Amino acid sequence: MQQASTQSALIKRKTSAIYRVLGDRIFLAVVLLLALSLIALTLGLGYFLYLGGSQTINKEGFFGFLTGTTWDPALRLEFGIWPYVVGTLITSLAALVLSVPVALAAAIFTAEYAPRWLAGIINYLVDLMAAVPSVVYGIWGIFVLAPFLREAFYLPVFLWASENAPWLVRYLGNPAGYGLFTGIVVLSSMIIPFTAALSRDAISLVPVAQREGAYALGATRWEVMQMVILPYARGGIFAGAMLALGRALGETMAIAMVIGNGNILPYTLFGPASTMPAVIALELKEAVEDLHYSAIIGVGFFLFLIAFIVNATASYLLNKLKVSEQRF
């Protein structure tokens, strides 16, 4: 009774004239200002990165700096970041290809097949993987993964190729254990939780009526998964994959610790490579010349451009996917 009288009093109470005239306008102005501040922050970040790297970019030329293959900060002071760009794209895309099937399988199992107690344990462990610092993944890669891959995979394949297919050796590279493929495996392990979490949530949000309708028509469990659940949840799955790709593009320490850090084009599978975040982290404190320091900031500027292009493309594709889902 007292609660009803309180609600009635609140309804009868009139708002002030100032609130009725300015309330919505003030709220709109605040929300608009905060939204525009995000845009200004992004544009400002790109501008100051370009400003910091402009000395080297102007010296080498915009496309010369991007497509150059020589990085020599000691003698000739020539800077080209193409090996780092290629290394970043190869490691990120390859890690995404390796991680998505594993993450999607984990999401399907925990959302559709596993008992609740087992699904809770698996979900907790998957979410815990996202909270592990990247340097811990790097330590695991150095002391566990790299020696294991060297003994179990790299050396047997290299020795077989040396005897049976010598032409393949030049594309395999030195099987030392620290190289491109090791970096890809470490990176794929790091981004699995992002795709798995969003895919699991998207699958769980599929309406029960959709599932029951398919079962009523005589569909098997696999057919329901294939024709109902996955098509309905593909937007969330794609969003999780793009989030994982963005995470992979910016990963620094774990990759720097296991990839070998060679400033050459990554044309070998086992050999050394490097990425844009790795070269920034490793050389920033060693930069003595202003041109070298400017080149490192320029690497950050182009990394910003790549991340912006990838996220803009992903947003466009996600919107197209939502439109197709509505038509479906």
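Residues numbered from 1 in each chain as written. Predicted model: local features only at pLDDT ≥ 70, side-chain atom pairs only at ≥ 80, totals over all residues. Heavy atoms only, no water.

## Quick look at the overall build of the protein chain
This is how it is decided: Going along the chain from the N terminus, every DSSP run of H or I of four or more residues is numbered as a helix, and every run of E of two or more is numbered as a strand. Every radius of gyration here is taken over C-alpha atoms, with the globule rule written as 2.2 Å times N^0.38, N being the number of residues. Contacts between residues were defined by any pair of non-hydrogen atoms, one from each residue, lying within 4.5 Å. Note on areas: Shrake-Rupley with a 1.4 Å probe; residue coverage comes only from the protein chains shown. His is not counted, nor are the chain ends; Lys and Arg add positive charge and Asp and Glu add negative charge. In this description, the location of a charge corresponds to atom NZ of lysine, CZ of arginine, CG of aspartate or CD of glutamate.
If you tally the helices and strands in the protein chain, you get 13 helices and 2 strands. Relative to the globule expectation of 20 Å for 328 residues, the C-alpha radius of gyration of the protein chain, 26 Å, shows a markedly less compact shape. In terms of its C-alpha atoms, the protein chain occupies a principal-axis envelope of roughly 85 × 60 × 40 Å. Once local pairs closer than 6 in sequence are excluded, the contacts in the protein chain between residues at least 24 apart make up 73%. Accessible area of the protein chain: about 19,000 Å², with a carbon and sulfur share of 69%. Looking at charge distribution, the protein chain has the averaged site of its 19 positive side-chain charges lying 18 Å from that of its 17 negative ones.

## Some remarks on helix H6 (residues 134-164)
Test applied: By definition here, a helix of n residues has an expected span of 1.5 Å times n minus one. Bend is computed residue by residue as the angle between axes fitted to the seven residues ending at the residue and the seven residues starting at it. Note on exposure labels: buried denotes an accessible area under 20% of the residue type's maximum, exposed denotes more than 50%, and partly exposed covers the range between, all computed with a 1.4 Å probe on protein chains only.
An ideal rise of 1.5 Å per residue puts 45 Å on 31 residues; H6 reaches only 39 Å between its terminal C-alpha atoms. The largest bend in H6 amounts to roughly 45° and is located at Gly141. Along H6, the positions that sit buried rather than exposed are Ser134, Tyr137, Gly138, Gly141, Leu145, Ala146, Leu149, Tyr154 and Ala161. In the core, the buried residues of H6 are packed alongside helix H5 (116-131), helix H7 (169-172), helix H8 (180-204) and helix H11 (253-258).

## A look at the nonpolar core
Within soluble globular proteins, side chains that are nonpolar generally end up buried alongside one another. Going by this rule: Residues belong to a common nonpolar core when they are buried Ala, Val, Leu, Ile, Met, Phe, Trp, Tyr or Cys residues joined through side-chain atoms within 4.5 Å.
In terms of nonpolar packing, the biggest core is built from 23 residues, with Phe65, Trp71, Ile81, Met276, Val299 and Phe302 touching the most fellow members. Those elements giving two or more residues to this core turn out to be helix H2 (17-60), helix H3 (62-67), helix H4 (82-113), helix H12 (276-283) and helix H13 (290-327). Counting residues per element, this core draws most heavily on H13, which supplies 10 residues. With residues near it in sequence (within four places) discarded, Val299 still touches Phe65, Trp71, Ile81, Met276, Val279 and Ile280. The next biggest cluster of nonpolar side chains, apart from the first, holds 16 residues, and it includes Ala95, Ile184, Ala244 and Ala314.

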